[in-house]
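# Structural description and commentary
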Amino acid sequence: MRWSHVGTPHGSLPTSKMAAAVSGFLRRTGWRFLRLQCRPVTRCQLSPMPRAFHASALALKSSDEQKYQPPPASSQQHSESQGTEEPNPESFRSNPRYTDQGGEEDEDHESEEQLQHRILTAALEFVPAHGWTSEAIAEGAQTLGLSSAAAGMFGNDGSELILHFVTQCNAKLNRVMEKEQKLVQLGQAEKRKTDQFLRDAVETRLRMLIPYVEHWPRALSILVLPHNIPASLNLLTSMVDDMWHYAGDQSTDINWYTRRAVLAGIYNTTELVMMQDSSPDFEDTWRFLENRISDAMNMGHTAKQVKSTGEALVQGMMGAAVTLKNLTGLNQRR
Amino acid sequence: MAACCRLTRFLVVPGATLGGPRLPGLRWLSGSMGTEQAVYDVVVAGGGMVGTAMACALGHNIHFRDKKILLLEAGPNKVATKLPETYSNRVSSITPGSATLLSSFGAWDHICNMRYKPFRRMQVWDACSEALIIFDKDDLDDMGYIVENDVIMSALTKQLDAIPDQVEVVYRSKVISYTWPGPFCNTENSPWVQITLADGRQFQTKLLIGADGQNSGVRSAAGIQNVCWPYDQSAVVATLHLSEPTENNVAWQRFLPSGPIALLPLSDTLSSLVWSTSHEHAKELVSMEEENFLDAINSAFWSDANHTDFIDSAGSMLQYAVTFLQPTKSSARQLPPSVAKVGPKSRALFPLGLGHAVEYVRPRVALIGDAAHRVHPLAGQGVNMGFGDISSLIHHLSRAAFDGKDLGSMCHLTKYETERQRHNVFLIAATDLLKRLYSTTFSPLVLLRTWGLQATNAVLPLKEQIMAFASK
């Protein structure tokens, strides 16, 4: 066998036949990590360095891993899955995922994304201790049995961890709101008024930050870094949109935008207040939130009043103009 | 001429009982109308004081001798045949100008035969200072007359009954719609204004005069914009018995911060009260015990509670200056009479507001009276402005009738509008300004109005101008 393949980090995509041959050999030698280099690059965002680490991490992991039958080819990957449907199901499978083209992943095998997801989820419990840093990710990876070098999969500033956390919180919030909506539809719960509903939704969402509130200010500052803004903005807007959706908003005009903008403002400011709050159980924050929501409700009324006042003023001015015309005798119409 | 008139009337009212063949060429006059409809020259909508006076004035006008006039009143005929013993609590102050108008068609004589009270002088003073102003015409001529509204209505109705040929009066005629002709004449539609009553009757008219009060249906049907706002005040009216009989030819008005209180003479022993104050206070006054009510009135006229030393000294300072410059003293300050009794069941209240119709006329429509303007009673000008509208409109319509013009044409209606708006808008604005100026106890404004009142009192020509304007 030619060993030249081993040395090439990326190399061109090998043909499946050759890959199969190589993988077979490598399997026999147990050097599974080399197989990964034959894996088609499906995740472009991973920089070269982390990929090497990834490979090494997986190699180290393999030693602890329970041995499964190495599938000879992708078509046999199905049989493997039965044995691994348990707590660590998406754990690393030593089967190569190189395929013909397109890199389709089998559903039962873990994708890289799912792995990252797991690592980040595990890392969250170390955040109170280490902050939103690679250390926390490393610790999390270690609890999953991976090397701490797995943290190299992610960037240095902890953005992925924070974004992952925010995504998780939003999903949790969605589940809560959906459950409540089901209850209302079934008639088991009262439909709440809009301001009450929004207040509870924002409070629920902010309470999810409580375990991490110490390091959250840093997380906020990381979220507004330029390369994170698209993602964080996306998360914020979709959260606000969901809140309004479950609150029952069905507007189709400019109100759609103004409502979401206002709620986003309320959420952000309340979050900032929460960072500074030292009262027991964040009472001040919830009071602040209540006041802002009632302000927002009043703003709607005021806007209507201003509009009607404006209209009345215009009417008054037109009346004055006509009266002036009459007084000066310019009213001699045709 | 008479034959011509009869022919005209025949043509205009083809459905009349004159019989005779209908001329085929004139089918458009009758055919499109459906049910027969009388065409009037002028229809006055609203039978209040101003509406009835308008109909009367038109009916007695020499140039309207051959014209048909209709007066529509939504309510029943409320005029009593005999003058009641007790005085009514709604009175109006009639200026000499209005009296002239009323006498032009003979209603004033009826009023004189019933009852009225002329007054020679008017004293107006402030509650927050010693400043006052006294209007009098050297005690020779009457400045104005206080007449009950019922007496005026009765006199006007008597005069209307004297001309049944010219003026037709329909009571209980609630109007449900007015329709105006389109801008262009065509053979399909009638060129006159259509009026539909609640009971289905229809009239057509060449000129519709809206005299139907502050919530005018004519004004809203014509689409004329009305600038109005309510004052936060209600006026309490009552008939009061004075403690002792006096000559009682002075009208008293005191500006309290809550609103002006006025005592108008009705007879040697009776006066009429008009007290404009906040809604809550007005309700209190109407429902409180008679004793408390009288105490409230007396203290309103006599109490010095709102005086402040600063204002008093400032006022007396200017007073010294005035007496120094003008040694001939103007009329001395008099004290208002005190009241002893309230006429039974004579207390009532009504809300106050301001209203101004931006346009008084539209093609074939004219507004007069409260439909065109609504003012605070502190100046006693409300009905007088309406009578002024009548004299102006009569003047223009009379000219138009003499010239043979179409009565509903805009050329003379706009002249009426310009003339009256120049007078009325100024008066409405001045009254509103006075009301706002006198409803505060804020020292700079009190000082301003104290000095202003004293200065106006001192300058005789200015006072005469004011009196002349208000008497028109």
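Residues numbered from 1 in each chain as written. Chains lettered and ligands numbered in written order. Predicted model: local features only at pLDDT ≥ 70, side-chain atom pairs only at ≥ 80, totals over all residues. Heavy atoms only, no water.

Right, let's talk about a negative patch on the surface for a bit. On the surface, B:Glu289, B:Glu290, B:Glu291 and B:Asp295 cluster together into a patch of negative charge. On the secondary structure map, B:Asp295 appears in helix α9 (residues 290–302). (Patch = residues over 30% accessible without salt bridge, like charges linked within 9 Å, V, L, I, M, F, W, Y side chains within 5 Å. Areas by Shrake-Rupley, 256 points an atom, 1.4 Å probe, with all protein chains shown as cover. Salt bridge = Lys/Arg side-chain N within 4 Å of Asp/Glu carboxyl O. Lys, Arg positive; Asp, Glu negative; His and termini not counted. Charge placed at Lys NZ, Arg CZ, Asp CG, Glu CD. Helix = DSSP H or I, 4+ residues; strand = E, 2+ residues; numbered from the N terminus.)

We now examine the interface of chain B and chain A. If you look at the interface, chain B gives 14 residues, while chain A gives 13 residues. Both sides together, the interface formed by chain B and chain A hides about 1,100 Å², and carbon and sulfur atoms give 46% of it. At the junction of chain B and chain A, the tally comes to zero salt bridges. Along the contact surface separating chain B from chain A lie seven residue pairs in polar contact (both at pLDDT 80 or more). Per element, the largest residue contribution to the side of chain B that touches chain A is nine residues, and it comes from helix α12 (residues 410–437) of chain B. (Contact = heavy atoms within 4.5 Å. Buried area = accessible area lost by both parts, 1.4 Å probe. Polar contact = N/O pair within 3.5 Å; in protein donor to acceptor, adjacent residues only side chain to side chain.)

We now examine the nonpolar core. If you look at the biggest cluster of nonpolar residues, it comprises 72 residues, and the most contacted ones within it are B:Met54, B:Leu58, B:Ile209 and B:Ile390. The contact partners of B:Ile390, leaving out residues within four places of it in the chain, are B:Val50, B:Ala53, B:Met54, B:Ala57, B:Leu101 and B:Ile368. Ranked by size, the runner-up nonpolar core spans 56 residues in total, among them A:Leu161, A:Leu163, A:Cys169 and A:Tyr246. (Core = buried A, V, L, I, M, F, W, Y, C linked by side-chain atoms within 4.5 Å. Buried < 20%, exposed > 50% of the residue type's maximum accessible area, 1.4 Å probe, protein only.)

Further remarks concern the UniProt feature "domain: Ubiquinone biosynthesis protein COQ9 HTH" (unreviewed entry) in chain A. UniProt records the feature "domain: Ubiquinone biosynthesis protein COQ9 HTH" (unreviewed entry) at residues 112–142 of chain A, using the numbering of this structure. Counted over residues 112–142 of chain A, helix gives 84% and strand 0%. Its end C-alpha atoms are 17 Å apart. (UniProt positions renumbered as here; feature names shortened; annotations may be inferred.)

All right, on to the pattern of salt bridges then. Residues and elements named next belong to chain A. According to the stated counting rule, one finds 21 salt bridges over all chains in the structure shown. Linking Asp241 and Arg260 is a salt bridge whose minimum nitrogen-to-oxygen distance equals 2.8 Å. Of this pair, Asp241 sits in helix α12 (residues 229–247) while Arg260 sits in helix α13 (residues 254–276); the two residues are 19 residues apart in sequence, bridging distant segments of the chain. Judged by relative accessible area, Asp241 falls into the partly exposed class, the value being 27%. Classification of Arg260 as buried rests on a relative accessible area of 9%. A cluster of three or more residues bridged by salt bridges with shared partners is formed by Asp241, Asp249, Arg259 and Arg260.

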